[in-house]
Amino acid sequence: MIQVDRVALRGLKARGHHGVLPHEREEGQDFVVDLVLGLDTRPAAADDDLGKTVHYGVVAEEVVDVVRGEPVDLIETLAERIADRCLKHDVVREVEVVVHKPQAPITVPFDDVTITITRSRV
């Protein structure tokens, strides 16, 4: 059985130009991303070696780059791109991505809009 531990990053913030409406693309808006990375941390813990785990500072920068990057229409697409980027780290076996769009163009009062996806190497 493969051991899967969890490393979580919560509340990564970046401005992106994602959305279907023209003003979303032109003006942009803030997005918030939560990640849970699934990996086996035992090798890193045994040797106290950063090279045997995921560098969450690097992952955070990469995720922010994705949000700031090429615009997409759907937050579903944005979440998929973030998941793909996280899975490029060899030790990451699975990832849960939550993309928050708190300034979504909705005409009634609301707190947040989110999409949650889980992707794995399997």
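Residues numbered from 1 in each chain as written. Predicted model: local features only at pLDDT ≥ 70, side-chain atom pairs only at ≥ 80, totals over all residues. Heavy atoms only, no water.

The name an unreviewed UniProt entry assigns to the chain is 7,8-dihydroneopterin aldolase, from the organism Streptomyces malaysiensis. Per UniProt, the comment on the chain under Function (unreviewed entry) is "Catalyzes the conversion of 7,8-dihydroneopterin to 6-hydroxymethyl-7,8-dihydropterin." What UniProt states about the chain under its Pathway (unreviewed entry) heading is, verbatim, "Cofactor biosynthesis; tetrahydrofolate biosynthesis; 2-amino-4-hydroxy-6-hydroxymethyl-7,8-dihydropteridine diphosphate from 7,8-dihydroneopterin triphosphate: step 3/4." (UniProt positions renumbered as here; feature names shortened; annotations may be inferred.)

K.L.:
How would you sum up the pattern of salt bridges? Please name residues and give values.
P.N.:
Applying the stated rule across the entire model yields 9 salt bridges. As a salt-bridge pair, Arg42 and Asp40 come within 2.9 Å of each other at their nearest N and O atoms. For Arg85, the salt bridge goes to Glu62, with nearest N and O atoms at 2.7 Å. In this pair, Arg85 is assigned in helix H4 (residues 75–86) and Glu62 in helix H3 (residues 56–68), connecting sequence segments 23 residues apart. The exposure class of Arg85 is partly exposed, given its relative accessible area of 26%. (Salt bridge = Lys/Arg side-chain N within 4 Å of Asp/Glu carboxyl O. Helix = DSSP H or I, 4+ residues; strand = E, 2+ residues; numbered from the N terminus. Buried < 20%, exposed > 50% of the residue type's maximum accessible area, 1.4 Å probe, protein only.)

K.L.:
Hey, could you go over H4 for me, with residue numbers and the actual values?
P.N.:
Between its terminal C-alpha atoms H4 stretches 16 Å, which fits the 16 Å expected from 12 residues at 1.5 Å a residue. For H4, the full list of buried residues reads Ile75, Leu78, Ala79, Ile82, Ala83 and Cys86. Projected onto a plane normal to the axis of H4, the buried residues spread over an arc of 135 degrees and lie on a single side. Residues of H4 that are buried sit in contact with strand E2 (29–39), H3, strand E3 (94–100) and strand E4 (114–120). (Expected span 1.5 Å × (residues − 1). Arc of directions from axis to C-beta. Contact = heavy atoms within 4.5 Å.)

K.L.:
How would you sum up the packing of H3 against H4? Please name residues and give values.
P.N.:
Packed helix pairs are characterised by how far apart their axes lie and by the angle those axes make with each other. Look at H3 against H4: their axes get within 10 Å of each other, and the N-to-C directions meet at 150 degrees. As judged from the angle between their axes, H3 and H4 are roughly antiparallel. Crossing of H3 over H4 shows right-handed handedness. Residues Val59, Glu62, Val63, Val66 and Val67 of H3 pack against Leu78, Arg81, Ile82, Arg85 and Cys86 of H4. Taken together, the residues of the contact of H3 with H4 sort by class into 7 nonpolar, no polar and 3 charged. (Axes fitted to C-alpha atoms, helices over the stretch in contact; angles between N-to-C directions. Parallel < 35°, antiparallel > 145°, perpendicular 65-115°, else oblique. Left-handed = near helix turned anticlockwise from the far one by under 90°. Nonpolar A, V, L, I, M, F, W, Y, C, P; charged D, E, K, R; others polar.)

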